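Reading the structure
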Amino acid sequence: MTWLKTTTFCASLSALAFAGPAAAQSKPATPEQVAEAIDVCAAITSSTWIELDDLRGHGWRNVRKSGGNRQMVVRGAYEKSGNEAYIVVTKENLRDKTCMVMTKLDTTADYNPLARDVSAVIGMPVSQDGFIYTWLRSEKTVEMNPSGDRSSPKALFVVSAAQESAE
């Protein structure tokens, strides 16, 4: 499952890399901004569907890239005025019924403090495996993964409908 999420994320990064500097996050999102984006992802995500049309009602719109004298829409990437996080939903996410929240980090050392600070807003994670933190929130699973690279570190939060455990 983690490999699948990593593959999905790589496709998302490709979409944002294509978008260029106009779509680049200018600064890291605050824990409250990340939590807001996670809540929106949770609201539009179910085990059967991702309600992309509902994003606009929550104040999120497609990221736009300036290209000469016109703007181009970056498909699958969403932003909200006043929130530095991005919501990312690719074709793979639609198939997997997942919604992603991505934020820039100033340095790789900011990853664990962000996990701690997000926990102060959304509650303590139910598990940690290395650098992967997992929360259960409103019948949704939220998994935090490091991404990007040393020169452009990011944190990725993958929101999916909570899996029922086999009994």
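Quick summary incoming for the structure in this document.

This part takes up the packing of aromatic side chains. One pass over the full model with this rule turns up four aromatic pairs. Ring geometry for tryptophan 135 against phenylalanine 157: centres 6.2 Å apart, planes inclined by 35 degrees, an arrangement best described as tilted. Of this pair, tryptophan 135 sits in strand 6 (residues 132-137) while phenylalanine 157 sits in strand 8 (residues 152-161), and the two are 22 residues apart along the sequence. Members of the aromatic cluster, connected to one another through ring pairs, are Tyr111, Phe131, Tyr133, Trp135 and Phe157.

Quick look at the nonpolar core now. Grouped together as the largest cluster of nonpolar side chains are 31 residues, with contacts concentrated most on Ile38, Ile87, Val101, Trp135, Met144 and Phe157. Elements with a contribution of two residues or more to this core: helix 2 (31-44), strand 3 (83-88), strand 4 (98-104), helix 4 (111-122), strand 6, strand 7 (140-149) and strand 8. Apart from the residues lying within four places of it in its own chain, the contact partners of methionine 144 are Tyr111, Leu114, Ala115, Phe131, Ile132, Tyr133, Trp135, Ala155, Leu156 and Phe157. If you look at the next biggest cluster of nonpolar residues, it comprises nine residues, including Val74, Ala77, Tyr86 and Leu156.

Further remarks concern the packing of helix 2 against helix 4. Between helix 2 and helix 4, the shortest axis-to-axis distance is 9 Å and the interhelical angle comes to 60 degrees. Relative to helix 4, the element helix 2 is oriented oblique. You can see that helix 2 and helix 4 cross each other, and the crossing is right-handed. On helix 4, the residues that touch Pro31, Glu32, Val34, Ala35 and Ile38 of helix 2 are Leu114, Asp117, Val118, Val121 and Ile122. Its residues placed into classes, the contact of helix 2 with helix 4 shows eight nonpolar, no polar and two charged.

What follows is about the state of the cysteines. Tallied over the entire structure, the rule returns one disulfide. Residue pairing for cysteine 41: its cysteine sulfur links by disulfide to cysteine 99, the two sulfurs lying 2.0 Å apart. Since a negative S-S torsion denotes a left-handed disulfide, the cysteine 41-cysteine 99 link at about -55 degrees is left-handed. Of the two residues, cysteine 41 sits in helix 2 while cysteine 99 sits in strand 4, which places them 58 residues apart along the sequence. The exposure class assigned to cysteine 99 is buried, which follows from its relative accessible area of 0%.

The rules behind the values
Residues numbered from 1 in each chain as written. Predicted model: local features only at pLDDT ≥ 70, side-chain atom pairs only at ≥ 80, totals over all residues. Heavy atoms only, no water. Phe/Tyr/Trp six-rings, centres within 6.5 Å; stacked < 30°, edge-to-face > 60°. Helix = DSSP H or I, 4+ residues; strand = E, 2+ residues; numbered from the N terminus. Core = buried A, V, L, I, M, F, W, Y, C linked by side-chain atoms within 4.5 Å. Buried < 20%, exposed > 50% of the residue type's maximum accessible area, 1.4 Å probe, protein only. Contact = heavy atoms within 4.5 Å. Axes fitted to C-alpha atoms, helices over the stretch in contact; angles between N-to-C directions. Parallel < 35°, antiparallel > 145°, perpendicular 65-115°, else oblique. Left-handed = near helix turned anticlockwise from the far one by under 90°. Nonpolar A, V, L, I, M, F, W, Y, C, P; charged D, E, K, R; others polar. Disulfide = S-S within 2.5 Å.

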